[in-house]
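Here are the chains, one letter per residue:
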Amino acid sequence: MSDEILDNLNDKQLEAVKTTEGYVRVIAGAGSGKTKALTSRFAYIVNRLGINSSNILCVTFTNKAAQEMKKRVKRLIGESSDVSLITTYHGFCVRVLREDINKLQYPKSFIIMDVEDQKTILREIYKELGYSNKEFTFKHVLRYIAGAKKNMTYLNYVLKSEGLKGENPLELIFNKYLEKQQRNFALDFDDLIYFTLYIFFNHTDILEKWQKKLHYIQVDEMQDTSENQLNLILLISKYHENLFIVGDPDQTIYEWRGARPEFLVNFDKQFPNCKTILMNQNYRSTPNILKVGNHIIKNNKLRVDKDMFTQNQEGFEVLHFHGKNEFEESLWIANEVKDLTENQNAKYSEIAILYRANYISRVIEQAFIRENIPYTIFGGIRFFERKEIKDVISFLRLLVFEDEFSFLRLINHPTRGLGKKFIESLTILSEAQGTNFYKTLVNNISNKELNRPGAIQFINLISELKELIKEKSISDLVKIILDRSGLSKLYRMDGDEDRLDNIKELINSMILMEIENKEAINLDEYLQEISLYTDLDIKEDNSEKVKLMTIHISKGLEFPYVFLSGLSEGVLPSAMSIKERRKRGLEEERRLTYVAITRAENRFYMTESEGFNFNTGLSKYPSRFIFEISERFYVRKGELSQEIINEAKQRIRNEVLESSEKFNIGDLVLHPVWQKGKITQRDDIKNEYIIDFFEIGKSKPIDFSYQYLKKYVEVTMTDEMLKEKRKAEEDWIEYLKIIDDDLDNNHFFNNSLT
Ligand code: ATP
Ligand code: MG
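What you see is a predicted model; the values in this text were computed from it and never measured.

1. Some words on the overall build of the protein chain
Alright, step 1. Looking only at helices and strands, the protein chain features 31 helices and 22 strands.
Alright, step 2. Per-residue burial over the protein chain gives 55% buried out of 754 residues.
Alright, step 3. Contacts in the protein chain between residues far apart in sequence, at least 24 positions, make up 75% of those at least 6 positions apart.
Alright, step 4. As displayed, the protein chain has an accessible area near 33800 Å², and 49% of this comes from carbon and sulfur atoms.

Right, here's the structure in full:
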């Protein structure tokens, strides 16, 4: 009898599926069929054991992955089954809270805030307290808030109005934030978990209800689970003790926000009776792709080696394209995409473009729009649809076309005291005189309805800028616009750094275009091209689209064709990540690269280009990860000169030297905070010293590359030195925060909620 649930599973997977009772863990590499085993197990428990699907909780990391899993399970157990408990951690918490939050005197209709909502609250608070983002950026404050909530004591205030004290500005902001949240019964993403844990800790009846309901619990992507999520899972699985976890330590990519991969690794210590199943056959990728993946990840020192093999056909060669600039790079991708779809039977939807940081989508989007390739961005807003980008483009449009749309967008933005009434009067006049808004305003500025200081200022600004069109380059013009219109100030005051970053990226793209073009670009032409980008209607109804997304979002997914773009040093590995977390950061970047490669089924392409990296302030060169793969394993397209290769390798070597160890065992050293110490050990795997600090009587691990460690020399401190010491202390505290303010923060939040 053919059996849809159990056919097509290998022995290991069958074992995983059929071991339904007790603690079970699967550790296996990418594409080895972990998620398949997990979904089959779900179906097996429902169909073979007769358990209702509402008694099985199945959690995974992103919404996308959860949706994918629901689809797979429904195919096995029927479309009409209840799969609402196949979800994310946040999704599960929302479910619990919608049922039981009234225990905390909160209404079931509580509001869930996303990052934008959080920023809106902060904006109000800044206004009330008179702060601007000069003092604190939103990113900084949101990070502070997340940190302050961690120990959950804030709940005493929120739920019982107990003991909220604060003196320093950050505490004041935090308190106000909590007040506003409470007044609106609004929960941010972190609250979802904390409120749920709080209910479980304090209302045993509810905890028991859920514990008893959830006969089986399955967790995918276990390696990226944070401590709180872990506690939640352990708590609710305590009654039936049927917990199935799967993961791959090599795919840990959220260590920067608290992932605890060691839980998966040490699961057997905590639960000695647990069963462990290892799988090492890869079903997803061709041997060519797998070789590249295996080769990269081997360079990580903090890992257990587990080589994957596959019986899939050899397949196509992996390609590396090196472009002379980012346009060439994105154009090459666009051309390959066209070739795949036009000549090789590929569908647009089978192609994914992955990148490390959101801003990279911009240049690819431009190429795709120009080449008429339909695309969609997973978990993000298209670059040219972002509010601040539209503001700037509208300004340019207003200068050239004097269109109403742009006029209305900008006349009172930033505020010039020109409200609804003003617009009404202007509309009437404009209709009567048959001229556009801008001309009407200019012609009737002495009219008493229109003669306002803000309006005069506005037309002066526009006419001044119109004069500048001919003499200035577009990028300069935009800088002047930002400055004189007050938009720049507005974004800065607003505290949302992303807006400023996006604007910077827009200006950079203009500068690059000007360099490329050699001669000045006509503003009309530029706007015509851009108008395509801002058109919301571009092939919106067509589901056949290339998928653009960050590597973080792509986790757990697979695509026949994968392009990893922007594989430049400083981007992947991210310079920021290395700066903040050194060796650990670098290893996480390597795992990210591994995740990207192992998404590919048939073909894998990696691309990067020369030019200037505005983030690192250096000229771009290929990522060290490219050099870590033996050239036997891929074919290079585009011209990469030996000079660039040498220069790239030299720079990477210099960086390694700079950041490598300077002291020997026995050396006396001076640390800015813990003072005098002696090096007692060196851990060459973790790249750190073990130092005995005399003053505190403790030994601590210190990274080889920590730059404030000095050889100890007996001196008396001058004021100047004390100042430097304080500065070093501050830096050290910053250094200890193992949280990345990476561009992907928001992505994670936006995508983990069902
Ligand atoms: P990742 O680590 O990336 O999450 P994974 O281990 O969860 O990967 P799956 O997504 O479950 O891997 O499986 C990868 C691909 O291999 C899927 O297309 C799946 O259908 C296929 N596959 C899994 N197991 C088998 C099998 N026994 N026979 C044939 N194909 C399989
Ligand atoms: Mg998986």
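Structure's up, so let's keep going.
2. Points about the site of ligand 1
Alright, step 1. Residues in close proximity to ligand 1 total 20 residues, the closest being K34, T35, K36, E558 and R599.
Alright, step 2. A distance of 3.4 Å is found between an oxygen atom of ligand 1 and a side-chain nitrogen or oxygen belonging to R72.
Alright, step 3. Burial of ligand 1 by the surrounding chains reaches 84%, relative to a free accessible area of 630 Å².
Alright, step 4. Of the residues belonging to the shell around ligand 1, the class tally is three nonpolar, ten polar and seven charged.

3. Observations regarding helix α3 (residues 63–77)
Alright, step 1. The end-to-end C-alpha distance of α3, which contains 15 residues, comes to 21 Å, matching closely the 21 Å that a straight helix rising 1.5 Å per residue would cover.
Alright, step 2. When we look at burial in α3, the residues that qualify are N63, A65, A66, M69, V73 and I77. Seen from one end, α3 has its buried residues packed into an arc of 150°, which puts them on one side.
Alright, step 3. For α3, the N-terminal capping position is held by T62, with its side-chain oxygen 3.2 Å away from the main-chain nitrogen of A65.
Alright, step 4. Count one or two residues on from α3 and you reach G78, which has phi positive near 110°.

4. Structural notes on the pattern of salt bridges
Any two side chains of opposite charge can pair, on the condition that their charged atoms come close.
Alright, step 1. Within the structure shown, the criterion is met by 38 salt bridges.
Alright, step 2. For K324, the salt bridge goes to E610, with nearest N and O atoms at 3.0 Å. In this pair, K324 sits in the loop between β9 (318–323) and α15 (326–343) while E610 sits in the loop between β14 (600–609) and β15 (612–613), placing the two residues 286 residues apart along the sequence.
Alright, step 3. The salt bridge partner of D391 is R409, with a shortest N-O separation of 2.8 Å. On the criterion of sequence distance, the pair formed by D391 in helix α17 (residues 387–401) and R409 in helix α18 (residues 404–410) is long-range, its members being 18 residues apart.
Alright, step 4. Shared partners join several salt bridges into a network, and the residues in it are R95, E99, D100 and K209.

5. What about the packing of aromatic side chains?
Alright, step 1. All chains considered together, the criterion is met by 21 aromatic pairs.
Alright, step 2. On the numbers, 6.1 Å between centres and 75° between planes, the contact of Y154 with Y194 is edge-to-face. With Y154 in helix α7 (residues 154–160) and Y194 in helix α9 (residues 189–202), this pair connects stretches of sequence that are 40 residues apart. The burial state of Y154 is the same as that of Y194; both residues are buried.
Alright, step 3. The structure contains a cluster of three or more aromatic residues connected by ring pairs, namely Y23, F263, F267 and F271.
Alright, step 4. In this structure, R41 packs its charged tip against the face of F244, placed 4.0 Å from the ring centre.
Alright, step 5. The ring of F316 has R603 sitting right over it, with the charged end atom 4.1 Å from the ring centre.

6. A few points about the packing of helix α14 (residues 287–297) against helix α27 (residues 575–597)
Alright, step 1. Between α14 and α27, whose axes approach to 9 Å, the crossing angle comes to 170°. Looking at the two axes, α14 sits roughly antiparallel to α27. Between α14 and α27, the contacting residues are I289, V292, G293, N294, I296 and I297 on the first element and R590, R591, T593, Y594 and I597 on the second.
Alright, step 2. The residue inventory of the contact of α14 with α27, partitioned by class, reads six nonpolar, three polar and two charged.

7. Considering the nonpolar core
Alright, step 1. Membership of the largest hydrophobic core comes to 103 residues, with the highest contact counts inside it found for F92, L122, F195, F200, V219, L243 and F604.
Alright, step 2. At nine residues, the largest contribution of residues to this core is made by α9.
Alright, step 3. Discounting residues that sit within four places of it in the chain, L122 has contacts with F138, V141, L142, I145, I173 and Y177.
Alright, step 4. Ranked by size, the runner-up nonpolar core spans 45 residues in total, among them I393, L468, L487 and I507.

8. Some remarks on the environment of E350
Alright, step 1. When you line up the elements, E350 lands in the loop between α15 and β10 (351–355).
Alright, step 2. A residue is classified by how much of its surface remains accessible, and E350, at 25% relative accessible area, is partly exposed.
Alright, step 3. Separated by 194 residues in the primary sequence, E350 and E544 have C-alpha atoms spaced 8.7 Å apart.
Alright, step 4. In this structure E350 touches N345, F559, P560 and Y561, once residues within four positions along its chain are discounted.

9. Considering the sheet that holds strand β19 (residues 675–683)
Pairing between sheet strands relies on hydrogen bonds along the backbone, with the strands arranged either parallel or antiparallel.
Alright, step 1. With respect to topology, five strands assemble into an open sheet ordered β21-β20-β19-β18-β22, the strand pairing being antiparallel. With one partner strand each, in any of the chains shown, β21 (698–703) and β22 (710–711) form the two edges of the open sheet.
Alright, step 2. Here six bridges tie β19 to strand β20 (residues 688–693), and the two strands are oriented antiparallel to one another. Considered in β20, the bridge of I679 is made with I691.

10. Here we look at the pairing of β21
Alright, step 1. The pairing of β20 with β21 spans six bridges and is classified as antiparallel. Across the sheet, residue I690 finds its bridge partner in β21, namely P701.
Alright, step 2. If you look at the hairpin formed by β20 and β21, you'll find four residues sitting between the two strands, and G697 has a positive phi there, around 65°.

11. Looking at the pairing of β9
Alright, step 1. A large share of β9 lies buried, amounting to six of its six residues.
Alright, step 2. Burial along β9 is two-sided: V318, H320 and H322 facing one way and L319, F321 and G323 facing the other are all buried.
Alright, step 3. Strand direction decides the pairing type here: β9 and strand β17 (residues 634–637), joined by four bridges, are parallel. In the sheet register, V318 faces β17, and the bridge partner there is Y634.
Alright, step 4. Direction of pairing for β9 relative to β14: parallel, over a ladder of five bridges. Note that in β14 the partner of L319 across the bridge is Y605.

12. Some words on the confidence of the model for the protein chain
Alright, step 1. Confidence along the protein chain averages 84 in pLDDT terms, with 89% of residues attaining 70 or more.
Alright, step 2. Element-level mean pLDDT values for the protein chain span from 33 in helix α31 (residues 745–751) up to 98 in strand β13 (residues 559–564).
Alright, step 3. Across residues 534–542 the pLDDT falls below 50, and counting only partners more than four positions away or on other chains, this stretch makes ten contacts in the model.
Alright, step 4. Contacts for the low-pLDDT stretch residues 731–754, under 50 throughout, to residues beyond four places or in other chains number 75 contacts.

13. Comments concerning helix α2 (residues 34–47)
Alright, step 1. Taking 1.5 Å of rise per residue, the 14 residues of α2 would be expected to cover 20 Å, and the 20 Å separating its terminal C-alpha atoms lies within 8% of that figure.
Alright, step 2. Counting buried residues along α2, twelve of its 14 residues qualify, which places the element largely inside the surrounding structure.
Alright, step 3. Here α2 has its buried residues at K34, T35, A37, L38, T39, S40, R41, F42, A43, Y44, I45 and V46.

14. Things to note about the side chain of H413
Alright, step 1. Mapping H413 onto the fold places it in the loop between α18 and α19 (420–433).
Alright, step 2. Discounting chain neighbours no more than four positions away, the residues touching H413 are K387, D391, L487 and L490.

15. Details of the sheet that holds β14
Alright, step 1. Spatially, β11-β12-β10-β13-β14-β9-β17 is the arrangement adopted by the seven strands of the open sheet, whose pairing is parallel. A single partner strand is all that each edge strand has here, and the edge strands are β11 (375–377) and β17. Averaged over all neighbouring strand pairs, the angle between strand axes comes to 20°, with direction disregarded.
Alright, step 2. As paired elements, β10 and β13 share four bridges and run parallel to each other. Paired with I351 across the strands is Y561, a residue of β13.
Alright, step 3. The strands touched by α14 within the sheet are β9 and β14, with β14 carrying the most contacts at an inclination of about 55°.
Alright, step 4. Sheet contacts for α15: β9, β10, β12 (546–550), β13, β14 and β17; angle to β14, the most-contacted strand, approximately 160°.

Conventions and cut-offs
Numbering of residues starts from 1 in every chain and runs along the sequence as written. Naming scheme: in the order in which they are written, chains are lettered from A and ligands are numbered from 1. In keeping with the model being predicted, local features are shown solely for residues with a pLDDT of at least 70 and side-chain atom pairs are shown and tallied solely at 80 or more, while totals for entire chains, interfaces and linings include all residues. Each side-chain value is worked out from all heavy atoms of the structure, with water and hydrogens disregarded. We count a stretch as a helix when DSSP gives it H or I for four or more residues in a row; a strand needs E for two or more, and each element gets its number in order from the N terminus. Any residue under 20% of the maximum accessible area for its type is buried, any over 50% is exposed, and the rest in between are partly exposed; the area is computed with a 1.4 Å probe on protein chains only. Only heavy atoms enter the contact rule, under which two residues are in contact if any of them lie within 4.5 Å. Where accessible areas are quoted, they stem from the Shrake-Rupley method and a 1.4 Å probe; at the residue level, only the protein chains shown are allowed to cover. One heavy atom within 4 Å of a molecule or strand makes the whole residue count as near it. In the analysis that follows, any N or O atom pair within 3.5 Å is treated as a polar contact, provided that within protein one partner can donate a hydrogen and the other can accept it, and provided that, for residues neighboring in sequence, both atoms belong to side chains. Under the grouping applied here, Gly and all other residues not named as nonpolar or charged are polar, the nonpolar ones being Ala, Val, Leu, Ile, Met, Phe, Trp, Tyr, Cys and Pro and the charged ones Asp, Glu, Lys and Arg. Multiplying one less than the number of residues by 1.5 Å gives the expected span of a helix. Each direction from the helix axis to a C-beta atom contributes to the arc, which is the arc of those directions. Just to be clear on terms, a salt bridge is a Lys or Arg side-chain nitrogen sitting within 4 Å of an Asp or Glu carboxyl oxygen. A pair of aromatic rings is counted whenever rings of Phe, Tyr or Trp (Trp by its six-membered ring) have centres within 6.5 Å, and the orientation is called stacked for planes under 30 degrees apart, edge-to-face for over 60 and tilted otherwise. Definition used: whenever NZ (Lys) or CZ (Arg) falls within 6 Å of the ring centre and also within 35 degrees of the ring normal, the charge is taken to sit over that ring. Only the contacting stretch of a helix is used when fitting its axis, a line to C-alpha atoms as for every element, and angles between N-to-C directions run 0 to 180 degrees. Throughout this description, any angle smaller than 35 degrees is read as roughly parallel, any larger than 145 degrees as roughly antiparallel, any in the 65 to 115 degree range as roughly perpendicular, and the remainder as oblique. The definition of a nonpolar core used throughout is a set of buried Ala, Val, Leu, Ile, Met, Phe, Trp, Tyr and Cys residues joined through side-chain atoms within 4.5 Å. One bridge is not enough; two strands pair if DSSP finds at least two bridges between them. Confidence scores per residue from the predictor, reported as pLDDT, run from 0 to 100.

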